[in-house]
Amino acid sequence: MAAGKALLLALFASAAAPVAARAELDVRVGGRAWATIEDDGTVRVNGRGVGRIQPDGTVQRDGRSVGDVEDDGTIRASGKFIGRVEQDGTVRRGGRAMGAIEDDGTLRLDGRAWGSVRNCCGDPASKRTIAALLAFFAEGWF
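Residues numbered from 1 in each chain as written. Predicted model: local features only at pLDDT ≥ 70, side-chain atom pairs only at ≥ 80, totals over all residues. Heavy atoms only, no water.

Enquirer: Any details on unusual backbone geometry? Residues and values, ideally.
Expert: The backbone phi angle of Asn-46 is positive, close to 50 degrees, even though this residue is not glycine. The backbone of Asp-62 shows a phi angle near 50 degrees, a positive value even though the residue is not glycine.

This is the structure:
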């Protein structure tokens, strides 16, 4: 009987615990805040709303669809293949590894630390989201 009460108490406590919300992704470059991807997919660069990354990987800029990052990591701009992000975070342009999105949030371009992401990047979905940001909103990546 005591074990049953303990189980019920544990179930009640876990049900009463707050559900963690998805955190915004904050990107810093050179130690300064550069971009934020808000919970709803809104992209802000230097504080200004510049677009949106949809849950399906579609990227909108200034209200128009400009490309997407597919579930397999393929990056397309206006339907044309421009690169890919692999599950381990390797970013490829034209087949050549040119950068990386590391599990700890470090962003590397041509082997050097380029920036960092807070609240990211241990899973392939978050790496695809950051790859969309880099491909469509950052100069020098694609």
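Enquirer: Please provide a residue-by-residue account of helix H2 (residues 124-137), values included.
Expert: Between the first and last C-alpha of H2 there are 20 Å, a value that for 14 residues agrees with the 20 Å anticipated at 1.5 Å per step. Among the 14 residues that make up H2, 10 are buried, leaving the element largely enclosed by the rest of the structure. Listing the buried residues of H2 in full gives Ser-126, Lys-127, Ile-130, Ala-131, Ala-132, Leu-133, Leu-134, Ala-135, Phe-136 and Phe-137. (Helix = DSSP H or I, 4+ residues; strand = E, 2+ residues; numbered from the N terminus. Expected span 1.5 Å × (residues − 1). Buried < 20%, exposed > 50% of the residue type's maximum accessible area, 1.4 Å probe, protein only.)

Enquirer: Before we move on, can you summarise the state of the cysteines with the specific residues and values?
Expert: Under the definition given, this model contains 1 disulfide. Between the sulfur atoms of Cys-120 and its disulfide partner Cys-121 the distance amounts to 1.8 Å. Across the S-S bond linking Cys-120 and Cys-121, the dihedral sits near 90 degrees, which makes this disulfide right-handed. The exposure classification of Cys-120 matches that of Cys-121, with both residues buried. (Disulfide = S-S within 2.5 Å.)

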